[in-house]
Amino acid sequence: MGTSRRVVVIGGVAAGTKAASRVARLDPAAQVMVIEKGAHFSYAGCGLPYYVMDLVRDQKDLLSTPAGVVRDAAFFAKVKNVNVRSRTEALEIDRDRRRVRVRDLAGGEETWVEYDALVIATGARPVVPPIPGIDLANVTPVHTVPEAERIKALVASGGGRNAVIIGGGLIGVEMAEALAARGCRVTMIEMLPQVLNILDWDMAKLVEQHMIAKGVRVLTGVRVTALRGEDQVSAVATDAGELPADLVIVAVGVRPNADLARKAGLAVGDLGGITVDARMRTSDPNIYAAGDCVENTHLITGGPCFVPLGSTANKQGRVAANALCGVEDAFPGVLGSAVCKVFDFCVARTGLTESQAKADGRDVVSVIAPGPDRPHYMPSAKSLLLKLVVDRCTRKLIGAQAVGPGAGDKRIDVAAMAITADMTVDQLAKADLCYAPPFSPAMDNIITAADVARNKLDGVFEGISAREVKEKLDRGDRLVLLDARSPAEFEEMRLPRSVNIPLGALRARHDELNKDAEIVAFCKVSLRGYEAALILKAAGFRNVRVLDGGIAAWPYEKET
Ligand SMILES: Cc1cc2nc3c(=O)[nH]c(=O)nc-3n(C[C@H](O)[C@H](O)[C@H](O)COP(=O)(O)OP(=O)(O)OC[C@H]3O[C@@H](n4cnc5c(N)ncnc54)[C@H](O)[C@@H]3O)c2cc1C
């Protein structure tokens with residue numbers, strides 16, 4: 001440390017400015033320069049949907065420190081000792097002479113900038129699907145401040161009456177809420193059978209139902225074939241018909257911006273991201289890379305993955321800076337932990353989904369545990385549905401998902417820590433988590449879920465998924481759907497073809513049921529369903545299972 005090294009960073013949003021600021025802190029003598037082709041840098045890209053929504057009213061709030069100071073070039077020069085060159089594009093990396101060719105986008109002149117160490121933090125770019133009409137006006141991704149600004153202005157001027165969002169990923173669902181809040185009629189079109197592919201189908205369906213309840217039209221399994229209009233978009237053609245549209249948000253994913261690295265001969269992985277080691281070093285020891293432009297290692301599978309998130313980009317920027325300043329540090333990999341708000345729902349996930357785990361060849365047990373996120377008597381209690389994915393052999397937690405208005409984020413953060421610490425569900429069930437009624441139940445939701453998983457692993461709880469039950473019903477299998485709730489609850493809403501024997505009456509009335517029949521017991525959350533199954537088993541019924549998650553997790557039609 002202490003040498004006057006020239007550290008050049010390409011890309012000035014999350015990973016780039018984090019790396020630059022950290023280097024300047026660790027090595028005050030270093031000459032640190034950030035090259036950013038956009039006009040904005042160090043902005044909160046994750047806040048863009050809330051800016052469109054008008055929850056964040058002023059653009060400056062996305063660009064300022066918590067103390068309200070705008071992070072502009074003067075701020076970086078004076079406070080961080082970092083020279084930021086915005087509206088400047090890096091065109092080429094000359095590794096032999098350790099220099100970067102840059103173009104000033106305002107004046108057009110090109111110069112070479114020399115470096116001793118280089119950090120590539122060029123992020124990712126939105127995928128532009130090759131659909132006819134994709135270049136029409138009012139068809140846009142939401143990736144930058146100017147794009148968000150244009151959407152906001154269009155909506156403010158009365159546009160976006162018919163807004164169509166192509167893609168049901170994280171950005172798509174956040175934008176659905178933002179545009180609906182601005183009074184737009186929103187349709188989401190997703191090619192896959194579900195929105196939010198980062199969740200299992202059963203959990204994603206619940207999110208979809210919530211979006212529909214909030215007025216969003218959700219079309220899954222539908223492909224956009226063309227965008228129509230003269231200059232501006234006026235309709236979206238799909239394989240299921242045509243929709244009017246005066247605003248189209250394209251949110252079909254992002255790809256790593258690795259062109260500069262590839263052209264410079266740096267190693268790039270099969271997923272298109274720059275290959276880095278745990279210290280964020282590329283195949284050239286003088287060049288580091290961090291953020292959305294790199295490929296990550298998945299902490300469970302050990303394989304490569306591309307998970308472009310701001311949480312990761314910031315940590316990696318710091319690790320890259322540490323490494324190039326000689327500070328011992330490493331970035332081990334990711335679990336794909338993510339959270340988003342979908343109207344009143346918190347939707348969060350970490351690790352592997354059940355379908356990912358199965359595709360990876362793992363024998364897993366999954367549990368769905370619904371319940372209030374704090375004691376039911378607290379007015380602030382909200383419902384929450386947790387799903388855990390557990391390796392049957394090792395009993396280790398390998399994945400978790402949360403959906404509902406309750407506080408799912410903190411449970412998923414606990415799950416992420418449990419997976420990181422390689423914990424079994426037996427250990428998780430004894431975790432010393434805090435409790436007081438305004439915050440959580442005495443047995444926290446994740447502890448209850450871990451106990452259900454243990455019961456399942458030990459054969460005490462035999463569950464059946466909603467999907468399996470539905471398939472059986474559709475096939476016309478002889479199945480008794482036993483609802484153990486009260487008659488009043490049953491009257492209000494019930495599953496199709498279910499019968500009602502309240503839990504309290506079951507010991508006296510179980511002879512109304514055929515002992516050889518296949519019985520699926522349930523209630524609202526399957527706690528009474530579980531008790532009912534135990535009563536029936538004790539009475540000699542052999543083929544009884546409990547509906548995973550009960551009615552709360554039933555993603556199909558209900559009768560009211
Ligand atoms: C709408 C939206 C919502 C999001 N919400 C969340 C969220 O809630 N949580 C979360 O974790 N993540 C979220 N993300 C993702 C998060 O914003 C990104 O993961 C993060 O910004 C990545 O940081 P980065 O520095 O790697 O790349 P970027 O932020 O993409 O920055 C890269 C920069 O490099 C510049 N650049 C590229 N090539 C060159 C070049 N040749 N020369 C000069 N400059 C160049 C680009 O102009 C860009 O400004 C969201 C993203 C969006 C768009």
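Quick caveat: nothing in here was measured; it's all calculated off a predicted structure.

Calculation notes
Residues numbered from 1 in each chain as written. Predicted model: local features only at pLDDT ≥ 70, side-chain atom pairs only at ≥ 80, totals over all residues. Heavy atoms only, no water. Helix = DSSP H or I, 4+ residues; strand = E, 2+ residues; numbered from the N terminus. Rg over C-alpha atoms; globule rule 2.2 N^0.38 Å. Buried < 20%, exposed > 50% of the residue type's maximum accessible area, 1.4 Å probe, protein only. Near = heavy atom within 4 Å. Polar contact = N/O pair within 3.5 Å; in protein donor to acceptor, adjacent residues only side chain to side chain. Areas by Shrake-Rupley, 256 points an atom, 1.4 Å probe, with all protein chains shown as cover. Domains from an automatic or database assignment. Core = buried A, V, L, I, M, F, W, Y, C linked by side-chain atoms within 4.5 Å. Contact = heavy atoms within 4.5 Å. Pairing = 2+ DSSP bridges. Buried area = accessible area lost by both parts, 1.4 Å probe. Nonpolar A, V, L, I, M, F, W, Y, C, P; charged D, E, K, R; others polar. Expected span 1.5 Å × (residues − 1). Phe/Tyr/Trp six-rings, centres within 6.5 Å; stacked < 30°, edge-to-face > 60°.

Asker: Provide a residue-level description of the overall build of the chain, including the pertinent values.
Answerer: A tally of regular secondary structure across the chain gives 17 helices and 30 strands. For the chain, whose C-alpha radius of gyration is 27 Å, the value lies close to the compact-globule estimate of 24 Å for 560 residues. Overall, the C-alpha framework of the chain stretches about 85 × 55 × 40 Å when taken along its three principal axes. By residue count, 52% of the 560 residues in the chain fall in the buried class.

Asker: Summarise the site of the ligand; cite the residues concerned and give the values.
Answerer: For the ligand, the set of nearby residues contains 31 residues, the closest of which are Ala 15, Glu 36, Asp 292, Leu 309 and Gly 310. Within the side chain of Glu 36, one N or O atom sits 2.7 Å away from an oxygen atom of the ligand. In the complex, 86% of the free accessible area of the ligand, which totals 1000 Å², lies under the protein chains. Where the shell around the ligand is concerned, the elements lending two or more residues are strand E4 (88-94), helix H6 (170-181) and helix H9 (310-324). Taken together, domain 1 (6-45 + 55-124 + 255-324) and domain 2 (139-252) each give at least three residues to the shell around the ligand, which thus spans both.

Asker: So what's going on with the nonpolar core? Residues and values would help.
Answerer: In this structure, Ile 93, Leu 118 and Ile 120 are the most contacted members of the largest nonpolar core, which totals 57 residues. Look past the residues within four positions of Leu 118 in its chain and what remains in contact with it is Val 8, Ile 10, Ile 93, Val 100, Asn 286, Ile 287 and Tyr 288.

Asker: Tell me what's going on with the pairing of strand E22 (residues 345-351), and back it up with residues and numbers.
Answerer: Within E22, 7 of the 7 residues are buried, which leaves it mostly tucked inside the rest of the structure. Here 5 bridges tie strand E21 (residues 338-342) to E22, and the two strands are oriented antiparallel to one another. When the bridges of E22 are listed, Ala 338 appears paired with Arg 349. Between E21 and the antiparallel strand that follows it, E22, lie 2 residues; Phe 343 among them carries a positive phi value of about 55 degrees. Bridging between E22 and strand E25 (residues 397-404) involves 6 bridges; their strand directions are antiparallel. Bridging across to E25, Cys 346 finds its partner in Gly 404.

Asker: Got a sec to walk through the side chain of Thr 282? Specific residues and values, please.
Answerer: The topology assignment puts Thr 282 in the loop between helix H8 (259-263) and strand E18 (287-289). Residue classification places Thr 282 among the buried positions, given a relative accessible area of 7%. Within the structure, the side chain of Thr 282 is placed 2.7 Å from the backbone oxygen of Ile 287, a separation counted as a polar contact. Contacts of Thr 282, omitting those with residues within four sequence positions, involve Leu 266, Ile 274, Thr 275, Val 276, Ile 287, Tyr 288 and Ala 289.

Asker: Could you give an account of the domain arrangement of the chain, with specific residues and numbers?
Answerer: Annotation of the chain at the domain level lists domain 1 (6-45 + 55-124 + 255-324), domain 2 (139-252), domain 3 (344-457) and domain 4 (463-553). A straight line from the C-alpha centre of domain 1 to that of domain 2 covers 31 Å. Listed per partner, the contact involves 7 residues of domain 1 and 7 residues of domain 2. Buried surface at the junction of domain 1 and domain 2, both sides included, amounts to about 520 Å², of which 54% is carbon and sulfur. Its largest share of buried area at the contact with domain 2, domain 1 owes to His 40, Tyr 43 and Gln 59, together 58% of the area lost on that side. There are 4 residue pairs in polar contact (both at pLDDT 80 or more) connecting domain 1 and domain 2. Of the residues contributing to the side of domain 1 that touches domain 2, the split by class is 4 nonpolar, 2 polar and 1 charged.

Asker: Can you tell me about the side chain of Lys 152, naming the residues and giving the values?
Answerer: Following the sequence through the fold, Lys 152 ends up in helix H5 (residues 145-156). Among all residues touching Lys 152, those that are not within four sequence positions of it are Tyr 51, Val 52, Asp 54, Val 56, Arg 57 and Arg 182.

Asker: Talk me through helix H7 (residues 201-213); I want residue IDs and the actual numbers.
Answerer: Here H7 contains 13 residues, and its C-alpha end-to-end distance of 18 Å stays within 8% of the 18 Å for a straight helix at 1.5 Å per residue. A large share of H7 lies buried, amounting to 10 of its 13 residues. Of the residues making up H7, those classed as buried are Trp 201, Asp 202, Met 203, Ala 204, Lys 205, Leu 206, Val 207, Glu 208, His 210 and Met 211. Looking one or two residues past H7, Gly 215 carries a phi angle of roughly 100 degrees, positive in sign.

Asker: Before we move on, can you summarise the packing of aromatic side chains with the specific residues and values?
Answerer: Applying the stated rule across the entire model yields 5 aromatic pairs. Ring centres of Trp 201 and Tyr 556 lie 5.6 Å apart, and the angle between their planes is 40 degrees; this geometry places the pair in the tilted category. Of this pair, Trp 201 sits in helix H7 while Tyr 556 sits in the segment after strand E30 (544-547), and the two are 355 residues apart along the sequence. Their ring planes at 70 degrees and their centres at 5.2 Å tell us that Trp 554 and Tyr 556 sit as a pair that is edge-to-face. When sorted by exposure, Trp 554 lands in the same class as Tyr 556, which is buried.

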